[in-house]
Amino acid sequence: MPKVKAEKRCRQQRREGPGPGPGILFNTGIGQHILKNPLIVNNIIEKAALRPTDVVLEVGPGTGNLTVKMLEKVKKVIACELDTRLLSELQKRVQGTCLANKLEIKVGDVLKTDLPFFDTCVANLPYQISSPFVFKLLLHRPFFRCAILMFQREFALRLVAKPGNKLYCRLSINTQLLARVDHLMKVGRNNFRPPPKVESSVVRIEPKNPPPPINFQTAKKFQTEVWTPLKILYMICGPQVENHCSRHSLTLHCTSPFLDQSLI
């Protein structure tokens, strides 16, 4: 048994190669994939349209490839990281420079803490926290200007999907209700160290201010008590309804969520 556990741990952790912090073991099990391509880093910063007066929130800074570039352009970067080993590498990169005073570090799980005030959020997120972090971000007050976030490609495409698209789902509806969402660029897996198993995309999220007049408790109740049962009903009955209409040359008008696959 100990041998099996050791093999599993080795699959989760990869050793950092040449560059800052040699010898670091990246734990891919918690989404540690460092963005290494400086062209992609610069492109993300350009898309963020950072200002000298900005306070930037970064989640999962890793060894600081994105962080250091942002520190050169903004008033402050608040870096939230779970792994203190990576934070040590980040601190070494700015130690003794004028950038050190512009870096604020928060250690811990960003989902379990209150978000600080910030103007912009720029992050290469651990992909397993994508959905809860997006909604934590959108419910944050005061409003921020925009967020430029790296996601797994399929998740990003669901965020921006429109009605009629097969990827259009509850995530699409909820996000687009609260924000304007744009797909900015595709990022291949070889731009990371170690490479993830999936392709990635960068998305821009701009919260709607003022927000729509929605009672969120009522909306949540609707999703739990109405949406999920309708989804199950469609999975059971939807194909039969479609086959019946096809056999009898009937036109199916999708006026209900459970008849429209794009809403599931």
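Just so we're clear, the structure is a prediction, and the values are computed from it rather than from any experiment.

Draft legend 1. Spotlight on the overall build of the chain. Within the chain, the secondary structure is distributed over 8 helices and 11 strands. A burial count over the chain gives 43% of its 264 residues as buried. When contacts within the chain are restricted to residue pairs at least 6 apart in sequence, long-range pairs at least 24 apart make up 64% of them. Accessible surface, the chain: about 14,500 Å² in total, of which carbon and sulfur atoms supply 55%.

Draft legend 2. Looking closely at helix 5 (residues 130–138). Restricting attention to buried positions, one finds in helix 5 the residues Ser-130, Phe-133, Val-134, Leu-137 and Leu-138. Buried residues along helix 5 cover an arc of 130° about the axis, so they all sit on one side.

Draft legend 3. Spatial organisation of the packing of helix 6 (residues 153–160) against helix 7 (residues 170–178). Following both chains from N to C, one finds helix 6 and helix 7 inclined at 60°, their axes separated by 7 Å at the closest point. Comparing their axes, helix 7 and helix 6 come out oblique. Like other packed secondary-structure pairs, helix 6 and helix 7 cross with a definite hand, here right-handed. Contacts from Phe-155, Arg-158, Leu-159 and Val-160 in helix 6 reach Leu-171, Ser-172, Thr-175 and Gln-176 in helix 7. Residue composition of the contact of helix 6 with helix 7, by class: 4 nonpolar, 3 polar and 1 charged.

Draft legend 4. Structural detail: the nonpolar core. In this structure, Phe-133, Leu-137, Leu-149, Phe-151 and Ile-205 are the most contacted members of the largest nonpolar core, which totals 31 residues. When residues no more than four places from it in sequence are discounted, the contact partners of Ile-205 are Val-134, Leu-138, Phe-144, Cys-146, Ala-147, Leu-149, Phe-151, Ala-179, Arg-180 and Val-181. If you look at the next biggest cluster of nonpolar residues, it comprises 29 residues, including Leu-87, Leu-90, Tyr-127 and Met-185.

Draft legend 5. Highlighting the pattern of salt bridges. In the structure shown here, the tally under the stated rule is 9 salt bridges. Between Asp-54 and Arg-145 there is a salt bridge, and its shortest N-O distance comes to 2.6 Å. Highlighted residues: Asp-54 in the loop between helix 2 (38–48) and strand 4 (55–59) and Arg-145 in the loop between helix 5 and strand 8 (146–152), separated in sequence by 91 residues. Close ionic contact of Glu-104 with Lys-106 constitutes a salt bridge, the shortest N to O distance being 3.6 Å. Beyond isolated ion pairs, a larger network of salt bridges with shared partners links Lys-76, Glu-104 and Lys-106.

Draft legend 6. Structural view of the packing of helix 5 against helix 7. Relative orientation of the contacting elements helix 5 and helix 7 amounts to 20°, with a least axis distance of 10 Å. In this view, helix 5 runs roughly parallel relative to helix 7, as classed from their interaxial angle. Seen along the crossing, helix 5 lies across helix 7 with a hand that is left-handed. Residues Ser-131, Val-134, Phe-135 and Leu-138 of helix 5 form the contact with helix 7, whose own contacting residues are Leu-171, Asn-174, Thr-175 and Leu-178.

Draft legend 7. Structural detail: the sheet that holds strand 9 (residues 179–187). Spatially, the 7 strands line up as an open sheet ordered 6-5-4-7-8-11-9, and their pairing is mixed. At either end of the open sheet lies a strand with only one pairing partner, and these are strand 6 (103–107) and strand 9. The sheet shows a mean angle of 20° between the axes of neighbouring strands, direction not considered. Two elements, strand 4 and strand 7 (residues 120–124), share 2 bridges in a ladder whose sense is parallel. Residue pairing across strands places Leu-57 opposite Cys-121, the latter belonging to strand 7.

Draft legend 8. Molecular detail of the pairing of strand 7. With 5 of 5 residues buried, strand 7 lies mostly within the body of the structure. Summarising the sheet, strand 7 and strand 8 pair through 5 bridges and their orientation is parallel. When the sheet's bridge partners are listed, Thr-120 is paired in strand 8 with Cys-146. As a crossover connection, the stretch from strand 7 through helix 5 into strand 8 is right-handed.

Draft legend 9. Seen up close, empty space enclosed by the protein. The full count for this structure, using the stated rule, is 2 cavities of 30 Å³ or more. Reported here for the second largest cavity is a volume of approximately 40 Å³. What lines the second largest cavity is simply Gly-31, His-33, Asn-124, Leu-125, Pro-126 and Tyr-127. Each residue belonging to the lining of the second largest cavity can be placed in one class, and the counts come to 3 nonpolar, 3 polar and no charged.

Reading guide: rules and limits
Residues numbered from 1 in each chain as written. Predicted model: local features only at pLDDT ≥ 70, side-chain atom pairs only at ≥ 80, totals over all residues. Heavy atoms only, no water. Helix = DSSP H or I, 4+ residues; strand = E, 2+ residues; numbered from the N terminus. Buried < 20%, exposed > 50% of the residue type's maximum accessible area, 1.4 Å probe, protein only. Contact = heavy atoms within 4.5 Å. Areas by Shrake-Rupley, 256 points an atom, 1.4 Å probe, with all protein chains shown as cover. Arc of directions from axis to C-beta. Axes fitted to C-alpha atoms, helices over the stretch in contact; angles between N-to-C directions. Parallel < 35°, antiparallel > 145°, perpendicular 65-115°, else oblique. Left-handed = near helix turned anticlockwise from the far one by under 90°. Nonpolar A, V, L, I, M, F, W, Y, C, P; charged D, E, K, R; others polar. Core = buried A, V, L, I, M, F, W, Y, C linked by side-chain atoms within 4.5 Å. Salt bridge = Lys/Arg side-chain N within 4 Å of Asp/Glu carboxyl O. Pairing = 2+ DSSP bridges. Right-handed = clockwise from strand over helix to strand, strands pointing away. 1 Å grid on protein atoms, 1.4 Å probe; cavity = no way out; pocket = protein on both sides within 12 Å on 5 of 7 lines; lining within 4 Å. Points joined across faces, edges and corners; volume = space filled by probe spheres on them.

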